[in-house]
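Architecture and fold: a report
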Amino acid sequence: MPSLAALFALAAPFMVYAAPLPRDANPTDLLVLKFADVLEQFESTFYQQALQKFQAADFTSAGFVDAQVPVQQFIQIQADEAAHASVLESTIKSLGDSPISNCAFGFGNALNDVPTMAATARVVENLGVAAYLGAAHLISDPVLLTAAGSILTVEARHQTILNVLSNGVSIPQAFDIALLPNEVLAIAGAFISGCDTGISPNQPLTITNTGSVGPGTSLTFSSPAINGSTDNFHCQMLVGGMPTTISLPIDQCVVPDGVEGPVAIFITADDQALNNNVRDRASQAVVAGPTMAFIDTQKQLLGQLVLAASDSNGQSGSESTQTTTISPSQATSIIESASAASATPTDGASASATGGDVSAGNGAASPTATDSGAGASATASAPAPQESDNTSVDAPGTHNTATGTTANGAITVNGWLDPQAVTN
């Protein structure tokens, strides 16, 4: 018996395009559908290859707190992209045409490691949103337009997930960027070969700066189209929600304050700003681009929950938290040394114990019986009182059943293991 998921997959084309389709499809509508299908194939193949290549250890080494956090999302996104492609191809066939099926997709250095793959995935998803948004005005059939819109909203969810996995702001702007098909191919074209999409791409553009890009960064570029004098060339920064691009001389292309999230950057032969509205965008002066940059000046707790040991700047540090199970005598030694330290605890001097587990922050090693805690000796200066099951004191050498915070606030004990179950 087929699963519910399988039935939905089979029914999807009919659910999305339930209304009667025109006998003679608009050629532009078909061009847009076929181009969208190529992009969906491209996205699906990218995630498929990434999931095949990288193992759980690769994701944790890249700083994710749990490999399943990104892996689950990538699996779902890949399934969505494959479903989008399947539906688009069924629709193209129902309109009497054939989908483009001979494209080759090569990702090269984009799959070198998990950080590079995740950064590329962020570009891919933001590009997918821009592509559907930028092609909407080209679709004449309202049924097809609505169906494309239903894909766009899912691509936007993917975009948010990739922003979070990159430790960026989940929703950095109130409005998204729209790009025309030829502008989309200026970015995606580097990964697609062997097929004719029917669209002439803009010349590609690459930012040559190393490291992150942020406010105050002076951007430099390379492009096959920039091979001589750049007199009067301008960089054009397209930000969601702004009526026109930010136009700056190419040698003074500095990221301004107040920009957050994705920015599409073009090079033009004059200083005329480009319209954010794709319908009215005069692109005849465009020399190259766009390329896409991400300006991440704000960090959110959501992203820091996903990435291990991220500092306030969102960088994954070397500090970690370790948990180990210790014996009562080891715990007593730790408490004694902490109590002998200064009454003012230093950063990273606190730890918590639950059922005998102690978590040491700021890179502290797992405590042992010889650990000095805050630097004091673990040797008791007075004979220990007789141990009793009812003892509830801080004195070393006893079966300590006390819970709570020690006098100097350095240690918080939540509970203890049964001493009969522990071998000292």
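Conventions and cut-offs
- Residues numbered from 1 in each chain as written.
- Predicted model: local features only at pLDDT ≥ 70, side-chain atom pairs only at ≥ 80, totals over all residues.
- Heavy atoms only, no water.
- Salt bridge = Lys/Arg side-chain N within 4 Å of Asp/Glu carboxyl O.
- Helix = DSSP H or I, 4+ residues; strand = E, 2+ residues; numbered from the N terminus.
- Buried < 20%, exposed > 50% of the residue type's maximum accessible area, 1.4 Å probe, protein only.
- Axes fitted to C-alpha atoms, helices over the stretch in contact; angles between N-to-C directions.
- Parallel < 35°, antiparallel > 145°, perpendicular 65-115°, else oblique.
- Left-handed = near helix turned anticlockwise from the far one by under 90°.
- Nonpolar A, V, L, I, M, F, W, Y, C, P; charged D, E, K, R; others polar.
- 1 Å grid on protein atoms, 1.4 Å probe; cavity = no way out; pocket = protein on both sides within 12 Å on 5 of 7 lines; lining within 4 Å.
- Points joined across faces, edges and corners; volume = space filled by probe spheres on them.
- Contact = heavy atoms within 4.5 Å.
- Disulfide = S-S within 2.5 Å.
- Pairing = 2+ DSSP bridges.
- Phe/Tyr/Trp six-rings, centres within 6.5 Å; stacked < 30°, edge-to-face > 60°.

Our focus in this paragraph is the pattern of salt bridges. With the rule as written, the count across this model stands at 4 salt bridges. Ionic pairing is found between Lys-34 and Asp-97, a salt bridge with its closest N-O pair at 3.4 Å. A residue pair is termed long-range when its members are at least 10 positions apart, and Lys-34 in helix H2 (residues 27–53) and Asp-97 in the loop between helix H4 (68–94) and strand S1 (104–105) qualify at 63 residues. With its nearest N and O atoms 3.0 Å apart, the salt bridge here joins Arg-279 to Asp-280. Here Arg-279 falls in the exposed class, since its relative accessible area comes to 60%.

Here the focus is the packing of H2 against H4. Two numbers describe how H2 lies on H4: the axes approach to 8 Å, and their chain directions differ by 150°. Comparing the axis directions of H2 and H4 gives the class roughly antiparallel. Two packed elements cross with a definite hand, and for H2 against H4 that hand is left-handed. Along the lines of polarity and charge, the residues of the contact of H2 with H4 split into 13 nonpolar, 6 polar and 6 charged.

As enumerated under the stated definition, the model contains 5 cavities of 30 Å³ or more in all. Looking at the second largest cavity, its volume works out to about 100 Å³. What lines the second largest cavity is Val-32, Leu-33, Phe-35, Ala-36, Leu-39, Leu-88, Ala-131, Tyr-132, Ala-135, Ala-136, Ile-139 and Ala-148. Elements represented by at least two residues in the lining of the second largest cavity include exactly H2 and helix H5 (114–135). With 5 residues, H2 is the largest single contributor of residues to the lining of the second largest cavity.

Once that is clear, we can look at the environment of Ala-50. With respect to the secondary-structure elements, Ala-50 resides in helix H2. Spatially, the C-alpha atoms of Ala-50 and Ile-75 are 10.0 Å apart, while their sequence positions differ by 25 residues. Excluding residues that lie within four positions of it along the chain, Ala-50 makes contacts with Leu-111 and Met-117.

A separate point is the state of the cysteines. Under the defined criterion, the tally for this structure stands at 2 disulfides. Across the disulfide, Cys-103 is cross-linked to Cys-195 (sulfur-sulfur distance 1.9 Å). One disulfide, between Cys-103 and Cys-195, carries an S-S torsion of 95° and so falls in the right-handed class. Residue Cys-103 is located in the loop between H4 and S1, and its partner Cys-195 is located in the loop between strand S2 (192–193) and strand S3 (206–207); the two are separated by 92 residues in the primary sequence. Note on Cys-103: relative accessible area 12%, which makes it buried. Paired through a disulfide, Cys-235 and Cys-253 show a sulfur-sulfur distance of 2.1 Å. Disulfide Cys-235-Cys-253: torsion about the S-S bond near 100°, hence right-handed.

Now for the sheet that holds strand S8 (residues 286–295). Ordered by their spatial adjacency, 4 strands build an open sheet running S6-S5-S7-S8, and the pairing between neighbours is antiparallel. Because the sheet does not close on itself, it has two edges, and the strands there are strand S6 (246–249) and S8. In this sheet, adjacent strand axes meet at a mean angle of 25° when their direction is disregarded. Here strand S5 (residues 234–239) pairs with S6 via 4 bridges, running antiparallel. When the bridges of S6 are listed, Met-237 appears paired with Ile-246.

Attention shifts here to the packing of aromatic side chains. As enumerated under the stated definition, the model contains 10 aromatic pairs in all. The interplanar angle of 75° and the centroid separation of 5.3 Å between the aromatic rings of Phe-46 and Tyr-47 together place this pair among those described as edge-to-face. Of the two residues examined, Phe-46 and Tyr-47, each falls in the buried class.

Here the focus is the packing of H5 against helix H7 (residues 181–188). H7 packs onto H5 with a crossing angle of 170° between their chain directions and a minimal axis gap of 10 Å. As summarised for this structure, H5 and H7 are arranged roughly antiparallel, according to the angle between their axes. On H7, the residues touching Val-123, Leu-127 and Ala-131 of H5 are Val-184, Ile-187 and Ala-188. Residue classes in the contact of H5 with H7 are distributed as 6 nonpolar, no polar and no charged.

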